[in-house]
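What follows is each chain in one-letter form.
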Amino acid sequence: MQNRYELIAFDIDGTLCQSGRTLTPEQLELITLSDPESFREQDKSGFNYSAFPGVVDTIKALAGVRRGIISNGFGRRQRNKLILTGLDDLFDPIYISEDFACSFFEEAYTADRKKEFEREIEKPSPIMMMRMNLMTRTLASRSLYVGNTDEDHRTARASGWDFLRIRDPDPKYSAIGVDGAIAVIDQNRFHEILEYI
């Protein structure tokens, strides 16, 4: 039986693991600046950064489907989150807006110019999704984006992808943009994604 989707891409924050807005400034700095191998040794607060329940097993169960990451943010911080949650080897390709923007520029370009370009390609721009379809030789009509914000939904819609919303427990984010999503799933029921593949 053929899968409905040949490519499924995921947002990171609030979809696979804690969002940056739920972390203290110290925890964010630790995630951003630390070598992931020594992260737990450096953190004295007992902070345990992990994927939401069921995420790792669900992603592993998506055998036969290309899995990617499309996320805004600082490249090192976002990649460290994937390493700390044990998700880093489960996705290819991984597009993070800062890294993605920098991949188009030589060293001669100024940091301001790189930042300006990054703002233009960040979600809700469809550029990263379009590039992922091209690089993986997949069709937008057979691609699914899993995210937790209205911005994620707008990005998927602009790219011609289906969208599945992970309901954020924060009421500020939980009730927006559900029209047109193929499903809305609670963070603690992540495994239900498999029913829509």
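None of these values were measured; they are calculated from a predicted model.

The rules behind the values
- Residues numbered from 1 in each chain as written.
- Predicted model: local features only at pLDDT ≥ 70, side-chain atom pairs only at ≥ 80, totals over all residues.
- Heavy atoms only, no water.
- Buried < 20%, exposed > 50% of the residue type's maximum accessible area, 1.4 Å probe, protein only.
- Helix = DSSP H or I, 4+ residues; strand = E, 2+ residues; numbered from the N terminus.
- Arc of directions from axis to C-beta.
- Salt bridge = Lys/Arg side-chain N within 4 Å of Asp/Glu carboxyl O.
- Pairing = 2+ DSSP bridges.
- Right-handed = clockwise from strand over helix to strand, strands pointing away.
- Polar contact = N/O pair within 3.5 Å; in protein donor to acceptor, adjacent residues only side chain to side chain.
- Contact = heavy atoms within 4.5 Å.

Trainee: Before we move on, can you summarise helix α8 (residues 150-159) with the specific residues and values?
Mentor: Buried residues of α8: Asp152, His153, Thr155, Ala156 and Ser159, and no others. One face of α8 carries all of its buried residues, which in axial projection span an arc of 160°.

Trainee: Tell me what's going on with the pattern of salt bridges, and back it up with residues and numbers.
Mentor: This structure, assessed with the given rule, holds 9 salt bridges. Residue Arg167 pairs with Asp186 through a salt bridge whose shortest N-O separation is 2.6 Å. Within this pair, whereas Arg167 is found in strand β5 (residues 162-167), its partner Asp186 is found in strand β6 (residues 183-186), the two being separated by 19 residues in sequence. The partly exposed category is assigned to Arg167, whose relative accessible area is 32%. With relative accessibility at 30%, the residue Asp186 sits in the partly exposed group.

Trainee: Break down the pairing of strand β4 (residues 143-147) for me, with residues and values.
Mentor: If a strand is regular, its side chains alternate between the two faces of the sheet. Extensive coverage of β4 is indicated by the burial of 5 of its 5 residues. Across 4 bridges, strand β1 (residues 7-10) lies against β4 in parallel orientation. Paired with Ala9 across the bridge in β4 is Tyr145. Here β4 runs beside β5; their pairing, made up of 4 bridges, is parallel. Across the sheet, residue Tyr145 finds its bridge partner in β5, namely Phe163. One crossover worth recording links β4 to the parallel β5 by way of α8, and it is right-handed.

Trainee: An account of the pairing of β6 is needed here, citing residue identities and associated values.
Mentor: Burial of β6 is one-sided: the residues Ala183 and Ile185 facing one way are buried, the residues Val184 and Asp186 facing the other way are not. Both β5 and β6 contribute to a ladder of 4 bridges, which runs parallel. Of the residues in β6, the one forming a bridge with Arg167 is Asp186.

Trainee: So, unusual backbone geometry: which residues are in play, and what are the values?
Mentor: Residue Pro93 is bonded to the preceding Asp92 through a cis peptide linkage, with omega at 10°. Inspection of the secondary structure assignment puts Pro93 in the loop between α4 (75-84) and β3 (94-96). Although it is not a glycine, Arg137 adopts a positive phi angle of roughly 55°. Summarising the element assignment, Arg137 is placed in the loop between α7 (127-136) and β4. You can call Arg137 exposed: its relative accessible area is 79%.

Trainee: So what's going on with the side chain of Thr136? Which residues, and what values?
Mentor: With respect to the helices, strands and loops of the structure, Thr136 is situated in helix α7. Engagement of the side chain of Thr136 in a polar contact is seen with the backbone oxygen of Met132, the distance being 2.7 Å. At a separation of 2.8 Å, a polar atom in the side chain of Thr136 contacts the side chain of Thr138. Non-local contacts of Thr136, meaning those with residues more than four positions away in its chain, are made with Leu7, Arg66 and Pro93.

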